[in-house]
Amino acid sequence: MNLAGDIHHTDLYGYERLIEHITETYGSYRTTAKNRLLHLGFKRVRGVFEWGDRSYAKAHEIPDDFPDDWTYTLPIEEMSKILGTNLTFDKLVFSGSFVYADGHLCLNHPDYVINFNGHWWLTEKAKEYGGMLSAIPPCVW
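What you are looking at is a predicted structure, and each value in this text was computed from that prediction instead of being measured.

1. Regarding the pairing of strand 3 (residues 98-101)
Here strand 3 shows no split at all, with Phe98 and Tyr100 on one side and Val99 and Ala101 on the other all buried. Sheet analysis places strand 3 next to strand 4 (residues 104-107), joined by four bridges and oriented antiparallel. Residue Tyr100 lies in a different strand from strand 4, and its bridge partner there is Leu105. Two successive antiparallel strands, strand 3 and strand 4, enclose a turn made up of two residues, where Asp102 displays a positive phi of approximately 50°.

Here it is as structure tokens:
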């Protein structure tokens, strides 16, 4: 594998492949490989191989200033614990204004989520948006 030629700084899929290459070459875990890359300054791997809802979430952007100790994905079990604790949150979820997609609670808008075969998925735009904080973020990361 020619890592220098295969990995592009703007390609999250390339980081997934790099992590897989490290795990296969050195017999390590994905988390270990990802943490080593983070320590080496590869901040973009923060949104790669994030575990949530019994599987890995699709790779997504996470801004550099997003705190390291915050979670980026929300397992469905954890979301169900939050339901019923806040009336505003409940209204947003039960009204269909927000949907659960790829381990994230997202604004139900075609720019951010699509429904395919009864399952919600993040769009490329939502993955690029990542955890950027704004007045009305499309996804709760």
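2. Observations regarding the environment of Ile19
Structurally, Ile19 is set in helix 2 (residues 12-26). For Ile19, a relative accessible area of 0% translates into the label buried. A sequence separation of 18 residues divides Ile19 from Leu37, and the C-alpha atoms of the two residues are 8.4 Å apart.

3. Side note on the pattern of salt bridges
As enumerated under the stated definition, the model contains two salt bridges in all. For Glu20, the salt bridge identified is with Arg30, shortest N-O distance 2.5 Å. Of this pair, Glu20 sits in helix 2 while Arg30 sits in helix 3 (residues 30-39); the two residues are 10 residues apart in sequence, bridging distant segments of the chain. Glu20 gets classed as partly exposed once you look at its relative accessible area, which sits at 21%. Since its relative accessible area comes to 29%, Arg30 is described here as partly exposed. One salt bridge in this structure joins Asp111 and Lys125, with 3.4 Å as the shortest N-O distance. One end of the pair, Asp111, is in the loop between strand 4 and strand 5 (113-116); the other, Lys125, is in helix 6 (residues 124-129), with 14 residues separating them in the sequence. Among the residues examined, Asp111 registers a relative accessible area of 32% and is labelled partly exposed. The class for Lys125 is partly exposed, based on a relative accessible area of 42%.

So, how was this worked out
- Residues numbered from 1 in each chain as written.
- Predicted model: local features only at pLDDT ≥ 70, side-chain atom pairs only at ≥ 80, totals over all residues.
- Heavy atoms only, no water.
- Buried < 20%, exposed > 50% of the residue type's maximum accessible area, 1.4 Å probe, protein only.
- Helix = DSSP H or I, 4+ residues; strand = E, 2+ residues; numbered from the N terminus.
- Pairing = 2+ DSSP bridges.
- Salt bridge = Lys/Arg side-chain N within 4 Å of Asp/Glu carboxyl O.

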